[in-house]
Amino acid sequence: MTSETTETLQLHAARPATVDPRRWLALPVLLTGAFLPILDFNVVNLALPAIRDNLGASPSEVQFVISAYAATYAVFLITGGRLGDLLGRRQMFLTGVAGFTIASVLCGIAWSPAMLVAGRILQGLTATAMAPQVLASIRVLFPAAEQGRALGFYGATFGLANICGQLLGGVLVSAHPFGLAWQAIFLINVPIGLAAFVGGVLYLADSRAAHAQRLDVGGVILLSLTLGLLVYPLIEGRESGWPVWIVAMLLASPLMLAAFVRFEARLEARGGDPLVALHLLRNSDFVIGLVMALAFYMLSSFYLTFAVYLQSGLHRSPLEAGLATLPFAAGFFVSSLVSSLVMQWLGPRTLTLGFALQVIGFGVVMLSVGGALPQSLEFGLICGGLGFGTVMPSVIKAVIGSIIDPRHAGLASGMMISTFQIGAALGVAVIGGVFYSLLGPHPRADDYAHAFTIALGCNVALLALGGWLSLWLPREPAAG
């Protein structure tokens, strides 16, 4: 899960007026703000069976633990970046770190599924105050000659967070530190958050945009309602038997979307700063990129279904489940380091390669779980991870290249990243719903394997769609 600010593509264009001598001390503090949201998305998956058993959570409540976080992050990400521009990035970063730490405590002491979901929503909200300030601050703190090195550390942080999420989640849930089980995965954020807060106070200089964009409060509200009316029924409808009010919510979602689009169009016509720049959607290459991003990040359901399959179906411990996922995380980490070189060679066709690797890799995982290729699970996970790490850093760069006016690159980047998070929420809601529907009320071991295979097959179909769409992108980015 990534958290770039809306100024991603403008990093090298900026020049700090003076060089801050504390910038390399501030960098680890900033990178912690990028590390925590990704860590928390990954680490929670391995704890889901323990959360379900300990709190008596239903399958829909388990899904909400993930999707509520992702949906909140998606809606408020761009707003968090704009608040940093307006109020000061240091202040927003410290506020986000403090809030994320408090939210983690609330999650760790949650006594009910509803309390845990509320804590996760607060985590997602505070993460949007923290994470967008990281790249924006790097842009200001580091001169152009040092930004490449700083960005290299930034990119490696995501791979490290994914690996730590798998290992740390398994270790904490299995080891029961201080008598805790799943609670430890949230409470571990407390010392990390405190260290980041103190480091931010000591080393992080303040900055803000000279001409900050105004906040689109109406757009945030309407987009929140649109996602809520869509995601909640998709998760809750199956367990509640699809009552009329659930169906009505689902039918109201496209109407709310239409209201959101109309509001944004009017705001843009008045010269305001809409949350979503509708004029960018007239660019067919950009729209293709958004659909690719949505299909790609619906793979978030894989983390959920694979963890449940391993722990509930195969009765693996959380640590064993984490180690079983490690080949995927390792493949992601390695490919993310070399993807920039591959992009220089293949251009947008890097996306086609990445999607193809994922289709092949997860296809092999399906065959392995189904018994056709029983010894090939690790190979399939490595291949899928290599593809994931190839697509992740490439999709934004390739698609933003379709934006002719460089002034819109930052806004387009923010829209792309928000689409990632919407895809994550929908993946858990839709494909997670397919998984639990196939399990039934009293699943056996074979049922877990069957449900996981079908659910992963849905992801493979979406990844194949992404690969096909990538062929429509021009080989050379549009000239700026």
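That block above? That's the structure.
Computed from a prediction, not measured in an experiment: that's the story for all the values here. (Residues numbered from 1 in each chain as written. Predicted model: local features only at pLDDT ≥ 70, side-chain atom pairs only at ≥ 80, totals over all residues. Heavy atoms only, no water.)

## Structural notes on the packing of aromatic side chains
The geometry of two aromatic rings is summed up by the distance between their centres and the angle between their planes. In total, this model carries 26 aromatic pairs according to the counting rule given. Aromatic side chains Tyr-69 and Tyr-73 sit 6.4 Å apart centroid to centroid with 20° between the ring planes, which places their arrangement in the stacked category. Of the two residues, Tyr-69 and Tyr-73 are both situated in helix H2 (residues 59-87); the distance of four residues between them amounts to about one turn of the helix. For Tyr-69, a relative accessible area of 1% gives the class buried. Their ring planes at 45° and their centres at 5.9 Å tell us that Phe-328 and Phe-362 sit as a pair that is tilted. Taken as a pair, Phe-328 in helix H13 (residues 318-346) and Phe-362 in helix H14 (residues 349-370) lie far apart in primary sequence, 34 residues in all. For the pair Phe-328 and Phe-362, one class covers both residues: buried. Lying over the aromatic face of Tyr-69, Arg-120 brings its terminal NZ or CZ to 4.3 Å of the ring centre. (Phe/Tyr/Trp six-rings, centres within 6.5 Å; stacked < 30°, edge-to-face > 60°. Helix = DSSP H or I, 4+ residues; strand = E, 2+ residues; numbered from the N terminus. Buried < 20%, exposed > 50% of the residue type's maximum accessible area, 1.4 Å probe, protein only. Lys NZ or Arg CZ within 6 Å of the ring centre and 35° of its normal.)

## Notes on the environment of Val-190
For Val-190, the position within the fold is in helix H8 (residues 189-203). Sequence spacing of Val-190 and Ala-98 is 92 residues, and the spatial spacing of their C-alpha atoms is 9.3 Å. Once you skip the residues sitting within four places of it in the chain, Val-190 turns out to touch Thr-101 and Val-105. (Contact = heavy atoms within 4.5 Å.)

## Quick word on helix H4 (residues 113-130)
Spanning 18 residues, H4 covers 25 Å between terminal C-alpha atoms, matching the ideal 26 Å at 1.5 Å per step. The buried count for H4 comes to 13 of 18 residues, which makes it a mostly enclosed element. (Expected span 1.5 Å × (residues − 1).)

## As for the environment of Gly-56
Within the element layout of this structure, Gly-56 appears in the loop between helix H1 (23-55) and H2. Overall, the relative accessible area of 55% leaves Gly-56 in the exposed class. Taking C-alpha positions, Gly-56 is 8.1 Å from Ser-112, a pair spaced 56 residues apart along the chain. With sequence-adjacent residues up to four places away left out, Gly-56 is seen in contact with Ile-51 and Glu-61.

## Observations concerning helix H12 (residues 300-313)
Taking 1.5 Å per residue, 14 residues should reach 20 Å; H12 reaches 19 Å between its end C-alpha atoms and fits that length. Most of H12 sits inside the fold, with 14 of its 14 residues counted as buried. His-315, located one to two residues past H12, shows a positive phi value of around 60°.

## As for the packing of H4 against helix H5 (residues 132-141)
At a closest axis distance of 5 Å, the pairing of H4 and H5 adopts a crossing angle of 5°. Viewed along their axes, H4 and H5 adopt a mutual orientation that is roughly parallel. Along the contact surface, H4 presents Ala-127, Thr-128, Ala-129 and Met-130, while H5 presents Pro-132, Gln-133 and Val-134. Its residues assigned to classes, the contact of H4 with H5 shows five nonpolar, two polar and no charged. (Axes fitted to C-alpha atoms, helices over the stretch in contact; angles between N-to-C directions. Parallel < 35°, antiparallel > 145°, perpendicular 65-115°, else oblique. Nonpolar A, V, L, I, M, F, W, Y, C, P; charged D, E, K, R; others polar.)

## Describing a nonpolar patch on the surface
Together, Leu-281, Val-287, Val-291, Leu-465, Trp-468, Leu-471 and Trp-472 line one region of the surface with nonpolar side chains, adding up to about 650 Å² of accessible area. When residues of the nonpolar patch are traced back to their parent elements, those giving at least two are helix H11 (284-297) and helix H17 (445-470). Examined against the element boundaries, Trp-468 turns out to sit in helix H17. (Patch = residues over 30% accessible without salt bridge, like charges linked within 9 Å, V, L, I, M, F, W, Y side chains within 5 Å. Areas by Shrake-Rupley, 256 points an atom, 1.4 Å probe, with all protein chains shown as cover. Salt bridge = Lys/Arg side-chain N within 4 Å of Asp/Glu carboxyl O.)

## So, the packing of helix H3 (residues 89-108) against H8
It is at 9 Å that the axes of H3 and H8 come closest, and there the two elements cross at 165°. When the axes of H3 and H8 are compared, the pair comes out roughly antiparallel. Between H3 and H8 lies a crossing whose hand is left-handed. Where H3 approaches H8, its residues Arg-90, Leu-94, Val-97, Ala-98, Phe-100, Thr-101, Ser-104 and Val-105 are matched on the opposing element by Asn-189, Val-190, Gly-193, Leu-194, Ala-196, Phe-197, Gly-200 and Val-201. In terms of residue class, the contact of H3 with H8 is built from 10 nonpolar, five polar and one charged. (Left-handed = near helix turned anticlockwise from the far one by under 90°.)

## Thoughts on the pattern of salt bridges
Under the definition given, this model contains three salt bridges. As a salt-bridge pair, Asp-40 and Arg-120 come within 3.5 Å of each other at their nearest N and O atoms. Linking Asp-40 in helix H1 with Arg-120 in helix H4, this pair joins segments that are 80 residues apart in sequence. The exposure classification of Asp-40 matches that of Arg-120, with both residues buried. Across the pair Arg-444 and Asp-447 runs a salt bridge whose closest N-O atoms are separated by 3.6 Å. A relative accessible area of 58% means that Arg-444 is categorised as exposed.

## A few points about unusual backbone geometry
Although it is not a glycine, His-176 sits at a positive phi angle of roughly 55°. Within the secondary structure, His-176 is located in the loop between helix H6 (144-175) and helix H7 (184-187). For His-315, which is not a glycine, the phi torsion comes out positive at approximately 60°. Tracing the sequence through the fold places His-315 in the loop between H12 and H13.

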